[in-house]
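Survey of secondary and tertiary structure
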Amino acid sequence: MIVTRFAPSPTGYIHIGNVRSAIYPYLLARQNHGKMILRIEDTDRARYVEGATELVEDTLEWLGLNWDEGPIVGGDHGPYFQSERQEIYHDWARKLIAKGRAYADPTPSDQIEKYREQCNASKTPFLYRNFRPTDTPEWQPGIPLRFKAEPKSYEWHDEVMGDMHAGPEVLDDIILIKKDGYPTYNFAHIVDDAEMGVTHVMRGVEYLSSTPNYLALYEALDLPRPKLVSLPHILAPNSNKKLGKRDGAKSVTEYRQDGILPEAMLNYLACLGWNDGTEQEIYTKEELIAKFSLDRIQNSGARYDETKLLWMNGQWIRSIFDEQGPEALYARTEGFWPSVAKTHSEEYKIKVLSILYDRLRALADLREMSAYFFSDPEINLDFLINNKFIKKMSEAEIESLLKTTIAKLASIDAWDADNLQQALNDLLQETGKKPAELFSLIRIAISFAPFSPALNLTMEVLGKEIALARLNAVASAI
Ligand code: GLU
């Protein structure tokens, strides 16, 4: 049975890359009817942030990535918080001590620093095993415990990076248990993956360089090697550096607050560094589960592209509306309407959504894009007069066009999209204006927005009274 895991550190910020490291293990486990474990790697107490675990859980639930063992759901291999597994790590540490493969190291940190400086000065790589103390005390929590490395070469296969080789120069006496009694990541994940029966270790490629040390630990502990799957870096939009907070990439929480749909987030991140070899871009979760394969994860960095994410989100917004209906999309929009929309009925908001949805990239676009459906826009004559189609008209002409329009529209009995379109066509005939000229004028007068849906639809939703009142207000302000 395939067992994968997602092992985040609860630092409070969920980076795009963190989430992708959850998606691939999830897809592999589901595809093979295996298991995905959620393990919280909280042994770095200095970086621990209150509430961060809940944020991880909530984000995974939002994306629909359920786990089979871990916090909330439990399981046979708990606890799933590393901070609660102290005894387990200490037991495994004692096994290594008994085999002569680990030692307590009381060397003070300033002394270690001196060794490092010494190496820097002589331009030799700093390897702690060259400074291994000769006389070491018996280990007890409170003293750092180090691995006793044997310098040798390793070969291994990485499911993404291929056949790998490393020489003895990378093998070192890494710390297994810190002074505070907590294990390091290097040791804890080896123990946990083994205890939890993880078959596929999928994580960022940044762990690749430490892999020989992990292989040495598996060996020293007589553990079988799991399959190793290094996920490529996500690169910043404009450089070949790893995507960081400074590159303007938002956290998953922020994208969620902007109204990126979980379907789009999942779709986008799954395809960031993986493809199925076809041109397909939009995948449901079920399709991803069916099509995912380790051998199509790319081994070079994947460039982050927010525009693509927004495009994909727009596609998902349209597909929910078109396939599941207006109510289904409306149900996703809570919290994304302008505050003035509060007093309006659900029915009205669904109408607004129905004419706006195909322009949305994120649901939060609704706040600005729909504002004039809920309250009268501020009249901004400069904005009106400077429109490229209106610029050429005199104020008198604008006023007269508005008055003709008002008279025409006022005569409509049944205020619906068809009759409105008919009236607009008649107005073109009567005034001799080009559609862009006349319609820009009417559109701006009723919305003062840079874009709006088709004019007849916009006016139908606004209603006769409001549409005419806005046209009148502008006619008298001119
Ligand atoms: N706790 C590590 C991190 O958040 C996870 C690495 C792993 O998946 O083994 O980067």
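Further up the page is the structure itself.
Computed from a predicted structure; not experimentally measured.

**Details of the nonpolar core**
Core analysis: the biggest nonpolar cluster contains 110 residues, and I16, M265, Y304, F373 and M459 have the highest contact counts within it. Top contributing element to this core by residue count: helix 1 (residues 16-31), with nine residues. Look past the residues within four positions of M265 in its chain and what remains in contact with it is I16, W62, L63, V252, Y255, I260 and L309. I88, L145, A188 and V205 belong to the second-largest nonpolar core, a separate cluster that totals 40 residues.

**Focus: the pairing of strand 9 (residues 227-231)**
Burial analysis of strand 9 places four of its five residues in the buried class, the great majority of the element. In this sheet, strand 9 lies alongside strand 8 (residues 200-204) in parallel orientation, the contact comprising five bridges. Looking at strand 9, one finds that R203 is bridged to S230. Regarding topology, helix 6 (residues 211-220) serves as the crossover connection from strand 8 to the parallel strand 9, and that connection is right-handed.

**Considering the packing of helix 3 (residues 86-98) against helix 5 (residues 185-195)**
As a packed pair, helix 3 and helix 5 sit with axes 10 Å apart at the nearest point and diverge in direction by 100°. Here helix 5 runs roughly perpendicular to helix 3, going by the angle between their axes. For the pair helix 3 and helix 5, the contacting residues are I88, Y89, W92, A93 and L96 in the first and F187, A188, V191, D192 and E195 in the second. Counted by class, the contact of helix 3 with helix 5 contains eight nonpolar, no polar and two charged residues.

**A look at the site of the ligand**
The immediate surroundings of the ligand are formed by R5, A7, P8, S9, E41, Y185, R203 and Y207. Within the contact set of the ligand, an oxygen atom lies 2.8 Å away from a side-chain nitrogen or oxygen of R5. Within the side chain of Y207, an N or O atom sits 2.9 Å from an oxygen atom of the ligand. Looking at the shell around the ligand residue by residue, the class counts come to four nonpolar, one polar and three charged.

**Focus: the environment of G51**
Here G51 lies in the loop between strand 2 (35-38) and helix 2 (52-63). Expressed as a C-alpha distance, the spacing of G51 and P232, which sit 181 residues apart in the sequence, is 29 Å.

**Some remarks on the side chain of T4**
With respect to the helices, strands and loops of the structure, T4 is situated in strand 1 (residues 3-6). Apart from residues lying up to four places away in sequence, T4 is in contact with P25, Y26, L28, A29, K35, M36, I37, H200 and M202.

Cut-offs applied
Residues numbered from 1 in each chain as written. Predicted model: local features only at pLDDT ≥ 70, side-chain atom pairs only at ≥ 80, totals over all residues. Heavy atoms only, no water. Core = buried A, V, L, I, M, F, W, Y, C linked by side-chain atoms within 4.5 Å. Buried < 20%, exposed > 50% of the residue type's maximum accessible area, 1.4 Å probe, protein only. Helix = DSSP H or I, 4+ residues; strand = E, 2+ residues; numbered from the N terminus. Contact = heavy atoms within 4.5 Å. Pairing = 2+ DSSP bridges. Right-handed = clockwise from strand over helix to strand, strands pointing away. Axes fitted to C-alpha atoms, helices over the stretch in contact; angles between N-to-C directions. Parallel < 35°, antiparallel > 145°, perpendicular 65-115°, else oblique. Nonpolar A, V, L, I, M, F, W, Y, C, P; charged D, E, K, R; others polar. Near = heavy atom within 4 Å. Polar contact = N/O pair within 3.5 Å; in protein donor to acceptor, adjacent residues only side chain to side chain.

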